[in-house]
Amino acid sequence: MLQIAKLNKQSPEQNRPDLRAFETGMTIMTPRIKICCIQNLDEARLAIAGGASAIGLVGKMPSGPGPITDAEIYSIAQNIPPHIATFLLTSEISGRKIAEHHARTQTTTIQIVDDIPDEDYDKIRFAIPEIKLVQVIHVIGEVSVEEAIRKANYVDMILLDSGNPNLAVKELGGTGRVHNWQISRKIVEAVKKPVFLAGGLNSENARAAIDTVNPYGLRSHQHSNRRENFRIGLRIGQINRLKKRRISHQSEGT
């Protein structure tokens, strides 16, 4: 069974998993799992039972799967256990409108999926200082590294995804595509905030994603394949059990 603590209770350095330490026997944290595109309370409960420490509730978007009404987001968020983080995914691009969106939904966290002016983060903080902010960085090239470094100064976490906000109809998530993990790794190493990895993750590539990127957590979609999300959770659990057995064997040999 996965042992996943509540988000944001420890420092990024304590929480950030490092599977390179697997070879040396160091203690490492299991990556957090965030399941997005939750449609109703039953799906939320399934995700939590499968090991999720956070759920994503998608507001109005220009494209992509999983949006629900603000009233539905509010209803789900109010019935989630307090140790589970609830993420409002908002495509609003001004601090005032983002704060207003949150007022209608009352989640614990706001995930900003599009670019907003840097000065607008302070407007959100002033309006709702207790709420955690997550900025999505759509990894489209080396330019994304500098963008992530700048945005990390204003938010609590970064989430790396495979959208493209430069298209005529913006892709702001849910593409199912894997982006360049080497660039994602550079971002993880460069920023001083927890980093979630998203984009085309499944049970077959979850281990490679963790090994390559070393993220704080993984984000998958409930909408695209419900059972696949739980397979990801089981795969991470298998990795953690292997790690513990290796550490135990090394201790017995000393």
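As shown above, the structure is provided for reference.
Residues numbered from 1 in each chain as written. Predicted model: local features only at pLDDT ≥ 70, side-chain atom pairs only at ≥ 80, totals over all residues. Heavy atoms only, no water.

Q: Honestly, the environment of Pro 82 in this entry has me stumped. Any pointers?
A: Along the chain, the position of Pro 82 falls in the loop between helix 3 (70-77) and strand 3 (85-90). Along the primary structure Pro 82 and Thr 108 are separated by 26 residues, whereas in three dimensions their C-alpha atoms are 9.1 Å apart. (Helix = DSSP H or I, 4+ residues; strand = E, 2+ residues; numbered from the N terminus.)

Q: Help me understand the packing of aromatic side chains in this model?
A: For any pair of aromatic rings, the description rests on two quantities: the centre-to-centre distance and the angle between the ring planes. Counted according to the given criterion, the structure contains three aromatic pairs. Consider the rings of Phe 87 and Phe 196, whose centres lie 6.4 Å apart with planes at 80 degrees: the pair is edge-to-face. With Phe 87 in strand 3 and Phe 196 in strand 7 (residues 195-197), the pair connects residues that are 109 residues apart, well separated along the chain. We classify Phe 87 as buried; its relative accessible area is 0%. Judged by relative accessible area, Phe 196 falls into the buried class, the value being 0%. The interplanar angle of 10 degrees and the centroid separation of 5.2 Å between the aromatic rings of Tyr 121 and Tyr 154 together place this pair among those described as stacked. Here Tyr 121 is found in helix 5 (residues 120-127), whereas its partner Tyr 154 is found in the loop between helix 6 (143-151) and strand 6 (157-161), with 33 residues between them in sequence. (Phe/Tyr/Trp six-rings, centres within 6.5 Å; stacked < 30°, edge-to-face > 60°. Buried < 20%, exposed > 50% of the residue type's maximum accessible area, 1.4 Å probe, protein only.)

Q: Would you take a moment to explain the nonpolar core for this structure?
A: One broad trend across soluble globular proteins is that nonpolar side chains are buried collectively. Within the largest apolar cluster, 30 residues are counted, with the highest numbers of intra-cluster contacts made by Ile 110, Ile 112, Ile 124, Ile 158, Leu 160, Ile 187 and Leu 197. Among the secondary structure elements, those contributing two or more residues to this core are strand 4 (109-112), helix 5, strand 5 (132-138), helix 6, strand 6, helix 7 (181-190), strand 7 and helix 8 (206-213). When neighbours within four sequence positions are excluded, Ile 112 is seen to be in contact with Thr 90, Ile 98, Tyr 121, Ile 124, Val 134, Gln 135 and Val 136. In terms of nonpolar packing, the next biggest core, distinct from the first, is built from 16 residues, Cys 36, Cys 37, Ala 54 and Val 134 among them. (Core = buried A, V, L, I, M, F, W, Y, C linked by side-chain atoms within 4.5 Å. Contact = heavy atoms within 4.5 Å.)

Q: Before we go on, may I ask you to explain the pairing of strand 4 in this structure?
A: Regular strands place their side chains on alternate faces of the sheet. Neither face of strand 4 is exposed, since Thr 109 and Gln 111 on one face and Ile 110 and Ile 112 on the opposite face are all buried. Sheet topology note: the strand 3/strand 4 ladder contains four bridges and is parallel. Considered in strand 4, the bridge of Leu 89 is made with Gln 111. Where the polypeptide runs from strand 3 across helix 4 (residues 95-105) and back to strand 4, its parallel neighbour, the crossover connection is right-handed. Bridge analysis of strand 4 against strand 5 gives four bridges, and the strand direction is parallel. Each bridged residue has a counterpart across the sheet, and for Ile 110 the counterpart in strand 5 is Leu 133. Remark: the strand 4/helix 5/strand 5 crossover connection has right-handed handedness. (Pairing = 2+ DSSP bridges. Right-handed = clockwise from strand over helix to strand, strands pointing away.)

Q: Before we go on, may I ask you to explain the packing of helix 6 against helix 7 in this structure?
A: The relative placement of two packed helices comes down to the angle between their axes together with the axis-to-axis distance. Between helix 6 and helix 7, the least distance of the axes is 9 Å, while the angle of their chain directions is 25 degrees. Classed by the angle they form, the pair helix 6 and helix 7 counts as roughly parallel. Taken as a pair, helix 6 and helix 7 cross one another with a handedness that is right-handed. Taking contact as the criterion, the partners of Ser 144, Val 145, Ala 148 and Ile 149 in helix 6 are, on helix 7, Ile 183, Lys 186, Ile 187 and Ala 190. Across the contact of helix 6 with helix 7, the residue classes tally to six nonpolar, one polar and one charged. (Axes fitted to C-alpha atoms, helices over the stretch in contact; angles between N-to-C directions. Parallel < 35°, antiparallel > 145°, perpendicular 65-115°, else oblique. Left-handed = near helix turned anticlockwise from the far one by under 90°. Nonpolar A, V, L, I, M, F, W, Y, C, P; charged D, E, K, R; others polar.)

Q: Which parts of the structure should I look at to understand unusual backbone geometry?
A: Across the chain, the bulk of peptide bonds are trans and the bulk of non-glycine residues have phi less than zero. Its identity as a non-glycine residue notwithstanding, Cys 37 has a phi of 65 degrees, on the positive side. Within the secondary structure layout, Cys 37 lies in the loop between strand 1 (32-36) and helix 2 (41-49). Classification of Cys 37 as buried rests on a relative accessible area of 1%. The backbone of Gln 106 sits at a positive phi, close to 60 degrees, despite the residue not being glycine. Along the chain, the position of Gln 106 falls in the loop between helix 4 and strand 4. In this structure Gln 106 comes out as partly exposed when scored by relative accessible area, which is 39%.

Q: Even after reading the chapter, I still don't get the state of the cysteines, so can you show me in this structure?
A: By definition, a disulfide links the sulfur atoms of two cysteines through a covalent bond. What the rule picks out here adds up to zero disulfides. Summary of cysteine pairing: Cys 36 is not part of a disulfide, and the nearest cysteine sulfur, belonging to Cys 37, is at 4.1 Å. (Disulfide = S-S within 2.5 Å.)

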